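Below, each chain spelled out in residue letters.
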Amino acid sequence: MQLKKPPTPLRLGLMAASCALLGSPAAKAQTAADGEQPLLIDAGVLYYKEDQGRVQTIEPIVRFKKDYGDEHVLGVTLAFDSLTGGSPNGAIPSRKAQTFATPSGTSLQPVSGVPQTYTTPSGQVVAALAKVTLYSVQPALLPLDPNFHDRRIAADVSWAQPVATDTHASIAGHLSNELDFDSAAFNAALSHDFNGKNTTVSAGVNGELDAVKPIGGAPVGGSDYTQLLKNGSKSKDVVGGLLGVTQVMSRRWVAQLNYTYDKSNGYLTDPYKIVSVVDGTGTETGYRFESRPDKRTRQSLYFGNKAYVGGEVLDISYRRSKDDWGIKSDTVDGRLRIDLGNDIYLEPHARWYHQGAADFYHLYLNQSDALPAYLSADPRLADFKATTFGAKFGVGFGGNTELSLRIEQYQQKPTDTTSSLAALQGLNLNPGLKTVIVQLGWRYDY
Amino acid sequence: MASPCEVLLETEDLDRARSAGRAAADEAWRIEAKFSRYRRDSVVSTINASNGRPVEVDAETAALIDFAAHCHRLSDGRFDITSGVLRRCWRFDGSDRLPTAAAIDAVRPFIGFDKIGWDAPVITVPTGMELDFGGIGKEYAVDRALAAVTASSSESALVNFGGDLAATRAPAGGPWRVGIERPGTEREAALLLELEQGALATSGDTHRYLLRAGVRYGHIMDVHTGWPVVGAPRSVTVAAGACIEAGMLATFAMLSGAGAEAFLDQQGVRYWCLRG
Amino acid sequence: MRLARLVGLACAAGAILTMTGCGTIGVKPWQRDLLAKKEMALDANPLDAAIDDHVYFSKEAASGGRGFGGGGCGCN
């Protein structure tokens, strides 16, 4: 970067000579972009509400970006998340009322009739849960744990700068804290432009270390729910890499292809979720805590595009993902930004998603079957189709401010929702999800 | 001018855009016709054919000669519009044919702005000497073309004659985005800079040079030796208030040879140097 | 399954190599007018993208793909 200096005699002489020749004083040259840029603030509040009394969250989030000049960029993001409402506990609806126990909530009562300690097969002695809150679920309704509440704070910091001609590097760190979960993560990437800056190749790595501290302790996987056997806090780590190429395809179209790979290791089970066990008629005889493998390898291929069509900007992408839990998914996401003039725009959005179930996903278990090594009834691991429809409306003021409102509806429709067993006839065992998403945004921009 | 020329104007009025383009083009052709060495009827050709007789010139030509005289003094004699005669022995066609010392010595007596008789508006050019406005003509045309475009209104405008450009003020959507191409290099990297207002000019040897024994000889000449400047960058782009100012700074930088960057640092201007 | 995965990866690698090998696809610097618009950047709305990624991460089994995972959350 070059500092401002008082003009030398030569420069003054040249300015005077030019002035005399052209007959008018010339203005100074002013170049932007290489120099320091003003601070960019991107703030928003998200309101997310699922139907049927399920999860509801409010999340304010703010992002700061400062370009110190010559592409040295600092980014800081802060997010706060507050969750309330009920979350499915994995059990299926029943013809009879069901009662469940949760370690959360305010009306914890001592448990009777269960052992206070328990010895694991490896000889470790662990304490069973001492106090729980009981909650009941009406017949035919999907069991939701109403005591589910959480708050999350997250902070991200990133730094990017050029390190050689046409080469940029970036590093980022993340910290977050929830009532029962802490996470620390980093990522680092290198990118190189060539072909007249028409092609950019990037490679990066990321790592994450999480502390899972379920309230009441992590349950023994696959164990009988009524035993409430717990064995403390857990951890997990994730290591991953990304390879990507961005290519300018034409004056109106830029495309990006990313391949990501990550491997998770450690406690990957949801500590609060259970699986219903039913007999031959479909009447529930008990519940088991879920148990997931302690390793998971995922790969995904993402193809994204930005195209200028008919005066508007189209964003369309496709992602294909698979992992070694047997889950395969396809996502198609499209947005069209329509310029309405006067710095006003409307951006309709549609997303279509389909995922296949995990190998160890079961809607419920049959009492007569052997207990599988891994099992889960978490609807998030089921086979379902999901769609999102919505639009974002934005208005710009004063050349540097933008207010926006985004309203969307997200729906999940599971495939596997019924059973042929007598007592489960006519019940929708996995009703899916309907959500409204409202986001208010404020952007202060150059 | 032999390079693509464009006028960018922020307007919704098609007629206005057309008339701005015509005004810029008319001005550019007028200046070319007037100062081109290649046209028999140009002012420059008239002066160069004067055979030592005094020639009275018009106000615009006088202003250009004054400007060249200032630059000659400011550069301690290194910028010299009489150095065009070196063309007789140096042909920059990308070959490896360098002139002999004898050929250069034969031409040296005819170089030197101090030998010109200049008493505005009368110029006396001794026989065998000639004037060459090639080093300032294009940048001057850019400034005048911009003035012609903005004479009748105040929209934001940019005039670009093959990479030498000047702009009034940026359009409402943001600064002018200027891409500086670097052809002929392995990297083919282009710079993208954002210009709010002002001018850019580039001086370089990308197209006119000689190459012998791995040494590149550019066409910016050191008038004291009769040889190309040693150690000059492949190209220099400078930002300044007016295009002739930017162009002259770029030329002075090239004339400083290996010290080009140091010279520009000292002047405190924004610049981009490419070395080969 | 393994064969299909290898084929899929090979296709992706091939696509990457093809795209990087295309020295003739692209634009000259003076043709970047539309590409330079803020809305044409691949990451034009990072806040929307971060919010969407968080919502879909907590409700679906697949996640990310466009860039890095920013960090975990206990919501899945």
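Draft legend 1. Structural detail: the overall build of chain C. For chain C, the helix and strand inventory stands at two helices and zero strands. Here chain C, with 76 residues, has 36% of them falling under the buried criterion.

Draft legend 2. Up close: the overall build of chain B. Secondary structure assignment for chain B yields seven helices and 14 strands. Here the C-alpha radius of gyration of chain B, 19 Å, is about what a compact globule of 276 residues would show, namely 19 Å. Projected onto its principal axes, the C-alpha coordinates of chain B cover approximately 60 × 45 × 35 Å. The buried share of chain B, reckoned over its 276 residues, is 42%. Restricting to contacts in chain B with at least 6 residues of sequence separation, those with at least 24 account for 63%.

Draft legend 3. Region of the structure containing helix α7 (residues 260–267) of chain B. Residues and elements named next belong to chain B. Along α7, the residues classified as buried are A260, F263 and L264. Angular distribution of buried residues about the axis of α7 spans 95 degrees; they occupy a single face of the element. Each element contacted by the buried residues of α7 is listed here: β13 (235–240), α6 (243–255) and β14 (271–274).

Draft legend 4. Just the nonpolar core, in detail. V149(B), V159(B), A199(B), V238(B), A246(B), L249(B) and A253(B) are the most contacted members of the largest nonpolar core, which has 77 residues in total. Element by element, the count of residues in this core is highest for α6(B), at ten residues. Excluding residues within four positions of it along the chain, A253(B) makes contact with V236(B), V238(B), A260(B), F263(B) and L264(B). Ranked by size, the runner-up nonpolar core spans 17 residues in total, among them I92(A), V278(A), Y287(A) and L363(A).

Draft legend 5. Examining the interface of chain A and chain C more closely. Between chain A and chain C, the contact holds 66 residues from the first and 35 residues from the second. Here the element with the most residues in the side of chain A that touches chain C is strand β16 (residues 234–250) of chain A; it accounts for eight residues. A breakdown of the residues in the side of chain A that touches chain C according to their chemical character gives 25 nonpolar, 26 polar and 15 charged.

Draft legend 6. Just unusual backbone geometry, in detail. Following A120(B), the chain continues into P121(B) via a peptide bond in cis, with omega recorded as 0 degrees. With respect to the helices and strands, the residue P121(B) is situated in the loop between β3 (117–119) and β4 (122–124). One non-glycine residue, D166(A), adopts positive backbone phi at about 60 degrees. Looking at where D166(A) falls in the secondary structure, it is placed in the loop between β12 (150–164) and β13 (167–178). Unusually for a residue other than glycine, N51(B) sits at a positive phi of about 55 degrees. Within the secondary structure layout, N51(B) lies in the loop between α2 (43–48) and β2 (54–56).

Draft legend 7. Summary view of the sheet that holds β4(B). All names here are of chain B. Reading across from one edge, β2-β4-β3 is the order of the three strands in this open sheet, with antiparallel pairing throughout. Each edge of the sheet is formed by a strand with only one pairing partner; in this case those strands are β2 and β3. When the angles between neighbouring strand axes are averaged without regard to direction, this sheet yields 20 degrees. Pairing geometry for β3 and β4, over three bridges, is antiparallel. Its bridge partner being in β4, D119 is matched across the sheet by V122.

Analysis parameters
Residues numbered from 1 in each chain as written. Chains lettered and ligands numbered in written order. Predicted model: local features only at pLDDT ≥ 70, side-chain atom pairs only at ≥ 80, totals over all residues. Helix = DSSP H or I, 4+ residues; strand = E, 2+ residues; numbered from the N terminus. Buried ≥ 20, exposed ≤ 12 C-beta atoms within 10 Å, placed from the backbone. Rg over C-alpha atoms; globule rule 2.2 N^0.38 Å. Contact = placed C-beta atoms within 7 Å. Arc of directions from axis to C-beta. Core = buried A, V, L, I, M, F, W, Y, C linked by C-beta atoms within 7 Å. Nonpolar A, V, L, I, M, F, W, Y, C, P; charged D, E, K, R; others polar. Pairing = 2+ DSSP bridges. Axes fitted to C-alpha atoms, helices over the stretch in contact; angles between N-to-C directions.

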